[in-house]
Amino acid sequence: MKIGSPKETFAGEARVAMTPDSALQLQKLGYECLIEAGAGKAAGFSDDAYRTAGVTVVENSAALFAQADVVAKVRPPETAEIERLASGKTLISFFYPGQNKELLEQARATGANVIAMDMVPRISRAQKMDALSSMANIAGYRAVIEAGNNFGRFFTGQVTAAGKVPPAKVLVIGAGVAGLAAIGTATSLGAITYAFDVRPEVAEQIESMGAEFVYLDFADQQQDGAATGGYAAPSSPEFREKQLAKFRELAPDMDIVITTALIPGRDAPKLWLADMVAAMKPGSVVIDLAAERGGNCDLTVADQKVVSDNGVTVIGYTDFPSRMATQSSTLYSTNIRHMMTDLTPAKDGVLVHNMEDDVIRGATVTYQGEITFPPPPPKVQ
Ligand code: NAD
């Protein structure tokens, strides 16, 4: 069978779902690989690099979709791409079926099978296919780099002949995959890092990365926002008040605030309010990684950098992984390759869509003309 990746059509998207390296691995699984001309350019992979890796360069997206049995891409398909799908073809991409009901119906109507990389169950066996985590890890790292780029001082403290420089103070709100990556990056640059999460189990991880866990003066401690399955639940009003009071206390002292707080299936909770931004020092920076879902900060504008009246920069970019397109394409294409390994049990270039397999079933959102989202809960944890 043939697997191919088109050039992403979403404005500004620089990632690509197949790299020359991942193509070599896919060929070992028995597949013939195709790439649309120029698809890897923005991520640093030339057509020649693909040719050297044995990939056939196809002139345009229409030809690629026509020839490929399996299409692997990054962003959810756009209408023109959906129209090129057909029964017997498989699409693998981010899809967000819960937020894209119409797209899901359009995909179903084509008869193609669709595997959503954002629906891969978060169980140990599937970690190598967990593209949400690999992209969140990059976003967390890049958030700190972006903060540094907009912050007029060092992260690390220094004693120099020209004077003593205090270390920057960084607060990370939400310590999931992106938050932990941000903590690791900020501490490695020498900042004094604080972190808060509603899930108490992350306190140890935060501390092991050299950051200080921010505790609240609350009877149930952080327990309140913790829910089953490793994800957060909305906090009670009392808990929220304690949390906001703590943030208000910290605001004047923090140079950089990185917010990543999300609750599955909901808008981002507002946690860094306008008065907290107003209390920060001029030159401070807020990076809001929850911008795509409405933002954790009152002042966030998605995809924009705004500067508050008191000189605080608030960044709501939603394309952090794409800003590191070589790295994110390498990791994402590896996630795809692992998915293909599970879909190709005999390594003979023949895709077997085994709906009895928890991971494949969980990620499949349309199958043989039916919508198969949401999936049943996984059998194995
Ligand atoms: P996420 O991006 O959905 O959310 C980010 C963080 O925000 C979470 O840690 C959440 O607890 C926190 N948060 C929510 N509301 C908050 C509030 N009001 N104040 C402060 N923080 C708040 O999270 P994620 O990175 O996708 O990870 C979520 C969970 O999934 C974690 O338990 C993680 O360990 C787990 N996970 C498991 C696997 C695996 O087993 N394969 C892989 C990735 C993640």
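Scroll up to find the structure this text is about.
So, here is what we can say about the structure in this document. (Residues numbered from 1 in each chain as written. Predicted model: local features only at pLDDT ≥ 70, side-chain atom pairs only at ≥ 80, totals over all residues.)

Broken down by element type, the protein carries twelve helices and 17 strands. The C-alpha radius of gyration of the protein comes to 22 Å, within 12% of the 21 Å expected for a compact globule of 381 residues. Split into buried and exposed, the 381 residues of the protein put 48% on the buried side. Of the contacts formed within the protein by residues at least 6 apart in sequence, a portion of 64% connects residues at least 24 apart. (Helix = DSSP H or I, 4+ residues; strand = E, 2+ residues; numbered from the N terminus. Rg over C-alpha atoms; globule rule 2.2 N^0.38 Å. Buried ≥ 20, exposed ≤ 12 C-beta atoms within 10 Å, placed from the backbone. Contact = placed C-beta atoms within 7 Å.)

For Leu91, the location among the structural elements is in strand β5 (residues 90-93). Looking at Leu91, the number of C-beta atoms within 10 Å reads 26, which means it is buried. Ignoring anything within four residues of it in the chain, the contact list for Leu91 reads Val71, Pro77, Leu85, Ala112 and Val114.

This paragraph deals with unusual backbone geometry. A cis amide bond, omega 0°, links Phe373 with the succeeding residue Pro374. Position of Pro374 relative to the elements: it lies in the segment after β17 (370-371). Not every positive phi belongs to a glycine, and Tyr96 is a case in point at roughly 50°.

A few words on the pairing of strand β6 (residues 113-116). A two-sided burial pattern is seen for β6, the buried positions comprising Asn113 and Ile115 on one face and Val114 and Ala116 on the other. Across four bridges, β5 lies against β6 in parallel orientation. Counted as the bridge partner of Ile92 is Ile115 from β6. Considered for its hand, the β-α-β crossover made up of β5, helix α5 (residues 101-110) and β6 is right-handed. (Pairing = 2+ DSSP bridges. Right-handed = clockwise from strand over helix to strand, strands pointing away.)

Spatial ordering of the open sheet is given by β3-β2-β1-β4-β5-β6-β16-β17, a layout of eight strands whose pairing is mixed. Each edge of the sheet is formed by a strand with only one pairing partner; in this case those strands are β3 (56-58) and β17. Relative to strand β2 (residues 32-36), strand β1 (residues 2-5) is paired through four bridges, and the arrangement is parallel. Its bridge partner lying in β2, Gly4 is registered against Leu34.

As a packed pair, helix α1 (residues 20-28) and helix α11 (residues 325-343) sit with axes 9 Å apart at the nearest point and diverge in direction by 5°. Relative to α11, the element α1 lies roughly parallel. Across the interface between the two elements, Ser22, Gln25 and Leu26 from α1 touch Ser333, Thr334, Ile336, Arg337 and Met340 from α11. (Axes fitted to C-alpha atoms, helices over the stretch in contact; angles between N-to-C directions. Parallel < 35°, antiparallel > 145°, perpendicular 65-115°, else oblique.)

Turning next to the nonpolar core. If you look at the biggest cluster of nonpolar residues, it comprises 112 residues, and the most contacted ones within it are Ile183, Ile258 and Val286. Discounting residues that sit within four places of it in the chain, Val286 has contacts with Val257, Trp272, Val277, Cys297, Val312, Val314 and Ile315. (Core = buried A, V, L, I, M, F, W, Y, C linked by C-beta atoms within 7 Å.)

Attention shifts here to the sheet that holds strand β12 (residues 256-259). By definition, the strands of a sheet pair up through backbone hydrogen bonds, in either a parallel or an antiparallel sense. If you walk across this open sheet you meet the seven strands as β11-β10-β9-β12-β13-β15-β14, and the pairing is mixed. Of all strands in the sheet, those bounded by a partner on one side alone are β11 (212-213) and β14 (305-307). Where β12 and strand β13 (residues 285-288) come together, four bridges link them in parallel fashion. Bridge pairing in β13 links Val257 to Val286. This element, helix α7 (residues 177-188), spans β9 (169-173), β10 (192-196) and β12 of the sheet and lies at about 165° to β10.

Turning to its location among the elements, Gly140 is positioned in helix α6 (residues 131-150). Since 28 C-beta atoms lie within 10 Å of it, Gly140 is described here as buried. Each C-alpha atom of the pair Gly140 and Asp342 lies 29 Å from the other, and the pair is 202 residues apart in sequence. Once residues lying within four places of it in the same chain are set aside, the contact partners of Gly140 are Val177, Ala178, Gly179, Leu180, Ala181, Ala182, Thr185 and Thr260.

Let us look at the pairing of β10. Taken across its five residues, β10 has five buried, putting it largely inside the fold. Neither face of β10 is open: one carries Ile192, Tyr194 and Phe196, the other Thr193 and Ala195, and all of them are buried. For β9 and β10, the ladder comprises five bridges, and the chain directions are parallel. Within β10, the position partnered with Lys169 by the bridge is Ile192.

Remark: α6 packs on α11, axes separated minimally by 9 Å, with the N-to-C direction vectors making an angle of 165°. One finds that α6 runs roughly antiparallel with respect to α11. Crossing of α6 over α11 shows right-handed handedness. Taken together, the residues of α11 that come into contact with α6 (itself represented by Ala131, Ser134, Met135 and Ile138) are Gln327, Ser328, Leu331, Tyr332 and Asn335. Of the residues belonging to the contact of α6 with α11, the class tally is five nonpolar, four polar and no charged. (Left-handed = near helix turned anticlockwise from the far one by under 90°. Nonpolar A, V, L, I, M, F, W, Y, C, P; charged D, E, K, R; others polar.)

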